[in-house]
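This is what each chain is made of:
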Amino acid sequence: MSISNTTKFRYNIPDTLKFPIFVLLIVTGLILESVVHCLYGINTGYTHFFYLIIFVAALWYGRKAIWVALIFGSLHVAVSLVLEGPIPWDAFFRAFMLLIVAVIAGTVVEEMKKYHEQVLMQNHELKEVNGQLDASQNAFLAANKKLNLLSSITRHDIKNQLTALLMYIELSKMIDLDPGVKSTIAKEEIVANNILRQIEFTKEYEDIGVNSPQWQNVTQIVSGISSDMKPSGVFISVSTGDLEVYADPLLRKVFENLVDNSIRHGEHIRQISITCEKEGQSLFLIYRDDGVGVPDADKTKIFDKGFGKNTGLGLFLTREILSITGISIRESGTYGQGVIFTMQVPDGGYRFNGKKAVLEPDRNVL
């Protein structure tokens, strides 16, 4: 069954009523022409009813309304010739106008019906595509769930083996061995601990890109980090007001990484500030600290996988999380004066719920 048959055109009425209504209109038109024109000699006014007949014919039958116009126009001219004698130009004009109206109305209605069916067809195709996309998304989510389960099981087994390895290493350190062997055992312990730390680290990021992005309030995120991390002697100031950013649900991990990075490598850090600036269609979310900063040679390398003194994954994954919704990040601070991480949020990726002209700082103690 075609789409045009399953969905009726908006101007249609039940088919059982069309024909009798149309016949009634035709008969009424003929009566008007016979009585008003023939008997009473009135040749204007009543012809306006013919337009109603033509419009109904056009709505229901399209360009076939032209035949209706020809019938009534010809009848009107014929009666005028009989009653008025020589060529009745006014009757010809009225007949011509009936024909013009029928052509225009019939053409417009048929075009509207054609476009209507095209829209229905496109909607049907869109529904099929959406159905395929939904099926693909469900399959992707199911596959990702299985992969995460497998990853979790594998990670758990590796941790168990590493725990056993570290236990044996600890027992080996209690044995009186050659200094060279003890040095080797110490190095093995460092490697095993690094592996364990990386395994733990990957657990926090196994859901990158799995869940749909969402609007997240920057001030609330940073305030939550302030409450949870609480390292002594470090202050955080947030000057983003009611800014919300459209990002992966792991946006909190981005700020946790930046704060952790400042605390680990900032050496004498005492102040962290987060501000925002609008420039053109983009918004810049700026993270600063007063630590030692990043050497110029390392400014681009710090986002590379494996670069760094800890896991080498923190800033790499930070960039990956932000890039999901088109947010870029770079470091532009001056070495010796602290870091400046600038996150460029594209147009459409940020919003302000309120209408604050000035963003007031909200200071939180860590």
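Scroll up for the structure.
Residues numbered from 1 in each chain as written. Predicted model: local features only at pLDDT ≥ 70, side-chain atom pairs only at ≥ 80, totals over all residues. Heavy atoms only, no water.

Asks: Please explain helix 3 (residues 48-61) as it appears in this structure.
Replies: Owing to its 3.6 residues per turn, the α-helix brings residues three or four apart onto one side. Over its 14 residues, helix 3 runs 20 Å from end to end, which matches the ideal 20 Å to within 8%, given 1.5 Å per residue. What helix 3 keeps buried is the set F50, I53, I54, V56, A57, A58 and W60. Looking one or two places after helix 3, you find G62, whose phi comes out positive at around 65 degrees. (Helix = DSSP H or I, 4+ residues; strand = E, 2+ residues; numbered from the N terminus. Expected span 1.5 Å × (residues − 1). Buried < 20%, exposed > 50% of the residue type's maximum accessible area, 1.4 Å probe, protein only.)

Asks: Would you explain the nonpolar core in this entry?
Replies: In globular proteins that are soluble, nonpolar side chains generally tend to be buried together. Residues F255, Y287, F341 and M343 are the most contacted members of the largest nonpolar core, which totals 36 residues. For this core, the secondary-structure elements that each account for two or more residues are helix 7 (218-229), strand 2 (235-239), strand 3 (243-247), helix 8 (251-265), strand 4 (271-279), strand 5 (282-289), helix 9 (314-323) and strand 7 (340-345). Dropping the residues within four chain positions of it, F341 is found in contact with L258, N261, L285, I286, Y287, I302, F303, L315, I329, R330 and E331. Counting residues in hydrophobic clusters, the runner-up holds 19 residues, among them Y46, A65, V68 and L98. (Core = buried A, V, L, I, M, F, W, Y, C linked by side-chain atoms within 4.5 Å. Contact = heavy atoms within 4.5 Å.)

Asks: Explanation requested: the packing of helix 2 (residues 15-39) against helix 4 (residues 65-84) in the structure shown.
Replies: To characterise two packed helices, one gives the angle between the axes of the helices and the distance between these axes. Two numbers describe how helix 2 lies on helix 4: the axes approach to 10 Å, and their chain directions differ by 15 degrees. In terms of orientation, helix 2 and helix 4 fall into the roughly parallel class. For the element pair helix 2 and helix 4, the recorded crossing hand is right-handed. Side by side, helix 2 and helix 4 meet where F22, I26, G29, L30, E33, H37 and C38 of the first sit next to V68, F72, L75, H76, V79, S80, L83 and E84 of the second. (Axes fitted to C-alpha atoms, helices over the stretch in contact; angles between N-to-C directions. Parallel < 35°, antiparallel > 145°, perpendicular 65-115°, else oblique. Left-handed = near helix turned anticlockwise from the far one by under 90°.)

Asks: Please clarify how the sheet that holds strand 8 (residues 350-352) should be interpreted in this entry.
Replies: Pairing is antiparallel in the open sheet, where three strands are placed in the order 1-3-8. Each having just a single partner strand, strand 1 (214-217) and strand 8 make up the two edges of the open sheet. The mean inter-strand angle of the sheet, taken between neighbouring strand axes irrespective of direction, is 30 degrees. As paired strands, strand 3 and strand 8 are joined by three bridges and run antiparallel to one another. Residue V245 lies in a different strand from strand 8, and its bridge partner there is Y350. Its contacts with the sheet place helix 7 against strand 1 and strand 3, and it is angled at close to 60 degrees to strand 1. (Pairing = 2+ DSSP bridges.)

Asks: Can you walk me through unusual backbone geometry in this structure?
Replies: Peptide bonds are, in most cases, trans, and in most cases residues other than glycine have a negative phi. One non-glycine residue, E267, adopts positive backbone phi at about 65 degrees. Position of E267 among the secondary structure elements: in the loop between helix 8 and strand 4.

Asks: Would you mind showing me how to read the packing of aromatic side chains here?
Replies: To describe a pair of aromatic rings, you give the distance between the ring centres and the angle between the ring planes. Enumeration according to the criterion identifies eight aromatic pairs in this entry. Taking the centre distance of 4.7 Å and the plane angle of 35 degrees together, the rings of F50 and F72 count as tilted. Taken as a pair, F50 in helix 3 and F72 in helix 4 lie far apart in primary sequence, 22 residues in all. Comparing F50 with F72 shows no difference in burial state: the two are buried. Summarising the aromatic geometry, the rings of W60 and Y61 are spaced 6.5 Å apart at their centres and angled 90 degrees between planes, so their arrangement reads as edge-to-face. Owing to a relative accessible area of 29%, Y61 belongs among the partly exposed residues under this scheme. (Phe/Tyr/Trp six-rings, centres within 6.5 Å; stacked < 30°, edge-to-face > 60°.)

Asks: Where do I start with the pattern of salt bridges in this structure?
Replies: Pairing between side chains of opposite charge can happen when their charged atoms approach one another. For the structure shown, the criterion picks out eleven salt bridges. Taking the shortest distance from any N to any O, the salt bridge between D260 and R264 comes out at 2.8 Å. Residue D260 and its partner R264 are located together in helix 8, separated by four residues, close to a single helical turn. When its relative accessible area of 27% is taken as the criterion, D260 is described as partly exposed. Put simply, K299 and E331 hold a salt bridge, and the shortest N to O gap is 2.5 Å. One end of the pair, K299, is in the loop between strand 5 and helix 9; the other, E331, is in strand 6 (residues 328-331), with 32 residues separating them in the sequence. (Salt bridge = Lys/Arg side-chain N within 4 Å of Asp/Glu carboxyl O.)

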